Amino acid sequence: MSPGPGRGAAITGWGSALPPRVVTNQDVTTLFDTSDEWIVERSGIHRRHHASGPFVAEADQPPAHPGDGVGSTATLAIEAGREALAQAGVTGADVGLLVLCTTSPDQAVPATSSAVSAALGIAGGAMDLNAACAGFTYGLVTAASLVASGIDRVLLVGAETLTRVTNFADRSNAFLFGDGAGAVVLEAVPGPGCLLGWDLGVDGTLVALLYADHGGPGMAMRGQEVFRRAVRVTVDSAELSLQRAKVGVDEVALFVPHQANSRIMDAVADRLGLPRERIASVIHETGNTSSASIPLALVDAARAGRLADGDLVLLAGFGAGMTWASAVWRWGTQ
Ligand code: UT7
């Protein structure tokens, strides 16, 4: 197919990966003064999976040369990507571009997508995309647009090892973060494709609300301020995407928000007028996995049979930067 309005993108395969070490809230109470009840009530999180940090055995920590062993962002991305390719019935040789969304790359140089590309045998280009927790939705819009522009197949992955940038001495946020990866294959289809409307944004004056410096102690966050702004920007962005897609909120079959806090997810759904039963949620199991959170929730919903061909899916993320992104996507290949 040639580029232009006669071609769009559809999702044809999906996969996910979580590191084996499950860290319960009870485990977290050994780090600082907190409780299972407090964490569940304030965040909805019961467990998360860790690839590194105090709960992971020395032998299983991320390797010096990432991509070679367990525990790295590349390793999780490879596992999720491999599963997505298999489900789509293709191999890396059929992929024209790998987009790896991550805010916890394995190295400063080069991009983590290089190691992932080599492991999966990807024939085309590869790049990292860092838009923090809005990353996967930024990636979905980018990938779908590039498919419309002429790339036949894109592997889009959200993968994180946030435990490598978590400050485990900071009880105000260390319990939130987890590691994992989710992936989808986007393929060219005739017609307009499945991306019906989208919105991407950033307010770079708000960097100080949430950041982790090179060589610093780890993540620093002004939790309440992020919470308030997250609800506001997610609602505004989702409404813009729905409007651009010419879709009413009642037509949305599944809402896949960034999994940062179940109270944020509920507040956004309530303000949009979406019944909470339509929220895709894995936060109780994964914690906040940044770029990986939306694909992990999407893949979980697909596996659970919550998505039928033609269903409209609303994705919405926000995060450090502060970035935000939303998209209305039609599930299936038509
Ligand atoms: O994905 C990127 C975006 N990130 C987010 O969206 C996170 C947004 N923020 C949040 O989700 C919430 O702000 C948190 C879950 C991080 C915190 O919940 P909160 O309801 O905003 O709690 P808070 O920071 O207002 O703290 C309430 C109280 C404080 O005590 P006082 O001052 O009321 O006596 C804290 O000292 O809870 C205390 N506290 C804790 N207590 C037990 C703070 N951390 C803990 C803890 N265990 N781990």
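Residues numbered from 1 in each chain as written. Predicted model: local features only at pLDDT ≥ 70, side-chain atom pairs only at ≥ 80, totals over all residues. Heavy atoms only, no water.

Enquirer: Please set out the packing of helix H3 (residues 73-88) against helix H4 (residues 112-120) residue by residue, giving values where relevant.
Expert: Running from N to C, H3 and H4 point in directions that differ by 45 degrees, and their axes come no closer than 9 Å. Judged by the inter-axis angle, H3 sits oblique to H4. The interaxial crossing formed by H3 with H4 has right-handed handedness. From H3, Thr73, Ala74, Ala77, Ile78, Gly81, Arg82 and Leu85 reach across to H4, where they touch Thr112, Ala115, Val116, Ala119 and Leu120. Residue composition of the contact of H3 with H4, by class: eight nonpolar, three polar and one charged. (Axes fitted to C-alpha atoms, helices over the stretch in contact; angles between N-to-C directions. Helix = DSSP H or I, 4+ residues; strand = E, 2+ residues; numbered from the N terminus. Parallel < 35°, antiparallel > 145°, perpendicular 65-115°, else oblique. Left-handed = near helix turned anticlockwise from the far one by under 90°. Contact = heavy atoms within 4.5 Å. Nonpolar A, V, L, I, M, F, W, Y, C, P; charged D, E, K, R; others polar.)

Enquirer: So, H3: which residues are in play, and what are the values?
Expert: Relative to the 22 Å expected for 16 residues at 1.5 Å per residue, H3 spans 22 Å between its end C-alpha atoms, a close match to the ideal helical length. Burial in H3 covers these residues: Thr73, Ala74, Leu76, Ala77, Ile78, Ala80, Gly81, Ala84, Leu85 and Ala88. Looking at the packing, one finds that the buried side of H3 touches strand S1 (7-17), strand S4 (97-101), H4, strand S6 (153-161) and strand S7 (179-190). (Expected span 1.5 Å × (residues − 1). Buried < 20%, exposed > 50% of the residue type's maximum accessible area, 1.4 Å probe, protein only.)

Enquirer: Break down the site of the ligand for me, citing the residues and quoting the values.
Expert: In the vicinity of the ligand, 22 residues are found, and the nearest of them are Thr34, Gln224, His258, Asn261 and Asn288. Protein burial of the ligand: of its 960 Å² of free accessible surface, 74% is covered by the chains. Secondary-structure elements contributing two or more residues to the shell around the ligand are helix H2 (36-43), helix H6 (223-245) and helix H7 (262-272). The residue makeup of the shell around the ligand, split by class, is 11 nonpolar, seven polar and four charged. Here the shell around the ligand spans two domains, since at least three of its residues come from each of domain 1 (7-190) and domain 2 (195-330). (Near = heavy atom within 4 Å. Areas by Shrake-Rupley, 256 points an atom, 1.4 Å probe, with all protein chains shown as cover. Domains from an automatic or database assignment.)

Enquirer: Kindly report on the sheet that holds S1, identifying the contributing residues and their values.
Expert: Read from one edge of the open sheet, five strands run S1-S7-S6-S4-S5, paired in mixed fashion. Looking at which strands have only one partner, the edges of the open sheet turn out to be S1 and strand S5 (125-129). Shown here is a sheet whose adjacent strand axes are inclined to one another by a mean of 20 degrees, direction ignored. Sheet topology places S4 next to S5; five bridges connect them, and they run parallel. Within the sheet, the bridge partner assigned to Val99 lies in S5 and is Met127. Of the strands in this sheet, S1, S4, S6 and S7 are in contact with H3, which crosses S1 at around 125 degrees. Relative to the sheet, H4 contacts S4, S5 and S6, its axis offset from that of S4 by approximately 135 degrees. (Pairing = 2+ DSSP bridges.)

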